Amino acid sequence: MPTAGSDSTSETEIGVYWKEEELIHPPTRFIAQANMADPNIFERFKEENFPECFKEYADLLSWDRYWSTTLDTSNPPFWKWFVGGKLNASYNCVDRHLRKYKNKAAIIWIPEQEDEPDQVLTYQELHNRVNEFALVLRDFAGLKKGDRVTFHLPMIPALPISMLAAARLGIIHNQVFGGFSAKACAERIQDSESHVLVTCDGYCRNGQLLDKKMDADLTVEEAKKLGSDVKKVLVWRRYPDKYLSKSPMVAGRDYFIDDLLKEFRGKRAEPVSMDAEDPLFLMYSSGSTGRPKGCQHRTGGYLAYVAGTSKYVQDIHPEDVYWCFADIGWITGHSYIVYGPLSLAATTVMYEGVPLFPDAGRPWRIAERLGVDIFHTAPTTIRMMRKAGSNEPKKYNYHFKCMTTVGEPIEPEVWRWYYYVVGKGEAIITDTWWLTESGGFLCSTLPALQPMKPGSAGTGMPGIYPVIYDDGGKEIRRGQGRAGNICIRNPWPGIMQTIWGDPERFVRQYYSKYCMNPNSTNWKDWPWMAGDGAVQAEDGYYRILGRIDDVIKVAGHRLGTKELENASLTTPEISEAAAIALTDELRGHVPVIYASLKPGIIPSKEIAEKVVANIAKELGPIAKPRAVYLVPDLPKTRSGKIMRRVLASISNSKDYGDITTLANPDIVETIRKMVQGDKAVNK
Ligand code: PRX
């Protein structure tokens, strides 16, 4: 077990003390209607049937041409799935449902303002809008297969329409989370080499109308500084003909999409038949270095994987009303608001705003009014809803059959509230562990076949073979109460293809630590390292303990400590900075910054405030630190490495362990006093 003084593993030790929770079995009523109640599935997806087992997922899709090779491992770890197959993601999510479901709601959009009417897009209407916007992208913006387009859109219907329009033509979409700053968006534009930005005029958040077009102006400016030229800015207006932003439209650069659409009304854009391996989208994600990486996802394997997991884990049937309360700007929204549910002809609900607006009853009013029966959200939202209105769900007459939790470890206590109060004891819960990189779920229970265990993500999904290694590469077997690095031993169809523009980093980051033989083309030599600590119980269930690298999950958002530190260093007075994660009752973790100042600079409140402002500017308001400590020096190893772990222990009032080997051990006590006063937590 790593000690607090080492800078290797982090929270893994909590696994040892965590008690085993009870098993809860799914209700018979759920099992009777479940998409997957055949225990044979585990047999079918066993290692000896790999990779052909994944044909079962791919067969959920409509292919223009069937594939010839299920998995090509000739150039590891750049796996190729369903090679030779051709299909179009937009066709699979829209066109193919028209015959049976054209008048069924595909997307129900709930604006944050409760008196504003919902927007219901039937599959027919979605088809019309996707085609028309695809023509704008193709014939007005001049985009074609393989080009990239960046979206900086909030939770409005224009977002899935834009994604499906791009996918229709093989244009690789790059949606940047709406809450990210202009600067963060500009970096992603530059890295993805896109020249068209799609945005909107404004949106509602927490009762306020936010100006989004203003961000776009800044984004273009910032992108220019990075050497990137945004040629066109396409602006969706919330209310056609009414412009909500104060920012002037720049002639020859900015265009209202509702104006452009007039020319294409009722026209069709033929879906382009894509190779299964053609990229579908990029999703930038924080890792252990400063620069976010563009996770590149393929068309065929990704779509097959999200369709299969939506069907078997989320238990989506076409007659369900499914609400994933997440943001499409993140992978959860891409996979489980848009591509998964729509590929299965579900009705997917999108909500514009924050969970508690205008009060704690809002989510349950939405569920009741729309007859939502599948609900999917993150622990941070669950904790917020529980704190603000633990009895609210009882007041509303909705009934869920299944619920999901995703994105962070969930405390068993919070899980039980979710189960007994939100789910009224009637709904199963799947705790799905996965990542931006994985495209879809990696660990979860199959809800009709395996019991739930509060706080545990269940076993590997069918066809996913996890393993836990210690730092030396030795397997930690189940039931030992010891945690280690969770890896997936095999490729799967949803795994990202590569890091956009940086294949070496892809190999380095995920494979270099545990690759058994870099010359081997046998997938068994290439375990994929997820970056999480985990422990496997005797019964085979995994409990995920959190990131072991320099990633902080803040209210479910993934932020890199390096990104936070770089943003802190844009404050001229700062010499060095370290970002750490402080445990927070609601948000899971929040960042805290420790910074030392340049020689001769006196610490002041103003400097600390500047650091906070710079972080918000560089990354976005979600990244704002809870505290900034201006300290005389940062604790370092003799080789000069900053000991974030020690700082994290101080902030979290934990024992920081043995520090005698540090280059400057005395600084630790000085910092501890600054942060904790004279409380002797470490004595
Ligand atoms: O630490 C794990 C945590 O979220 C990380 C991935 O974050 P991101 O790429 O933003 O994707 C989030 C949505 C899939 C993981 O490395 N995580 C995700 N799901 C769980 C989880 N931690 C515990 N339990 C989960 N169910």
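Residues numbered from 1 in each chain as written. Predicted model: local features only at pLDDT ≥ 70, side-chain atom pairs only at ≥ 80, totals over all residues. Heavy atoms only, no water.

The environment of the ligand is formed by 17 residues, the closest being Asp431, Thr432, Thr436, Asp532 and Arg558. Within the backbone of Glu408, an N or O atom sits 3.2 Å from a nitrogen atom of the ligand. Contact between the ligand and Asp431: a nitrogen atom at 2.7 Å from a side-chain N or O atom of the residue. Protein chains shield 96% of the accessible area of the ligand, which is 540 Å² for the free molecule. Taken together, the elements giving at least two residues each to the shell around the ligand come down to helix 13 (331-343), strand 20 (428-432) and strand 25 (542-547). Looking at side-chain class alone, the shell around the ligand contains seven nonpolar, four polar and six charged residues. (Near = heavy atom within 4 Å. Polar contact = N/O pair within 3.5 Å; in protein donor to acceptor, adjacent residues only side chain to side chain. Areas by Shrake-Rupley, 256 points an atom, 1.4 Å probe, with all protein chains shown as cover. Helix = DSSP H or I, 4+ residues; strand = E, 2+ residues; numbered from the N terminus. Nonpolar A, V, L, I, M, F, W, Y, C, P; charged D, E, K, R; others polar.)

Looking now at the pattern of salt bridges. Tallied over the full model, the rule gives 54 salt bridges. Linking Glu43 and Lys46 is a salt bridge whose minimum nitrogen-to-oxygen distance equals 3.5 Å. On the basis of relative accessibility, which here comes to 44%, the residue Glu43 falls in the partly exposed class. Note that Lys610 is salt-bridged to Glu573, the shortest N-O span being 2.7 Å. On the criterion of sequence distance, the pair formed by Lys610 in helix 19 (residues 605-619) and Glu573 in the loop between helix 18 (561-568) and strand 28 (574-584) is long-range, its members being 37 residues apart. A network of salt bridges, in which partner residues are shared, links Glu114, Asp359, Arg362 and Arg365. (Salt bridge = Lys/Arg side-chain N within 4 Å of Asp/Glu carboxyl O. Buried < 20%, exposed > 50% of the residue type's maximum accessible area, 1.4 Å probe, protein only.)

Confidence in the prediction of the chain, expressed as mean pLDDT, is 94, and 96% of residues score 70 or more. Taken as a whole, residues 1-16 scores under 50 in pLDDT and shows 39 contacts with residues more than four places along the chain or in a different chain. (pLDDT = per-residue confidence, 0-100. Contact = heavy atoms within 4.5 Å.)

Where strand 28 meets strand 29 (residues 588-597), ten bridges bridge the pair, whose relative direction is antiparallel. Its bridge partner being in strand 29, Ala579 is matched across the sheet by Ile593. Here strand 28 hands over to strand 29 after three residues, the two strands then running antiparallel side by side. (Pairing = 2+ DSSP bridges.)

Right, let's talk about the packing of helix 9 (residues 182-192) against helix 10 (residues 213-225) for a bit. Following both chains from N to C, one finds helix 9 and helix 10 inclined at 50°, their axes separated by 8 Å at the closest point. Accordingly, the angle class assigned to the pair helix 9 and helix 10 is oblique. Read as a crossing pair, helix 9 and helix 10 show a hand that is right-handed. Where helix 9 approaches helix 10, its residues Ala182, Lys183, Cys185, Ala186 and Ile189 are matched on the opposing element by Asp215, Leu218, Thr219, Glu222 and Ala223. (Axes fitted to C-alpha atoms, helices over the stretch in contact; angles between N-to-C directions. Parallel < 35°, antiparallel > 145°, perpendicular 65-115°, else oblique. Left-handed = near helix turned anticlockwise from the far one by under 90°.)

What follows is about helix 8 (residues 158-169). Taking 1.5 Å per residue, twelve residues should reach 16 Å; helix 8 reaches 17 Å between its end C-alpha atoms and fits that length. Of the residues making up helix 8, those classed as buried are Ala158, Leu159, Pro160, Ile161, Ser162, Met163, Leu164, Ala165, Ala166, Ala167, Arg168 and Leu169. Once helix 8 finishes, Gly170 follows within two positions and takes phi at roughly 75°, a positive value. (Expected span 1.5 Å × (residues − 1).)

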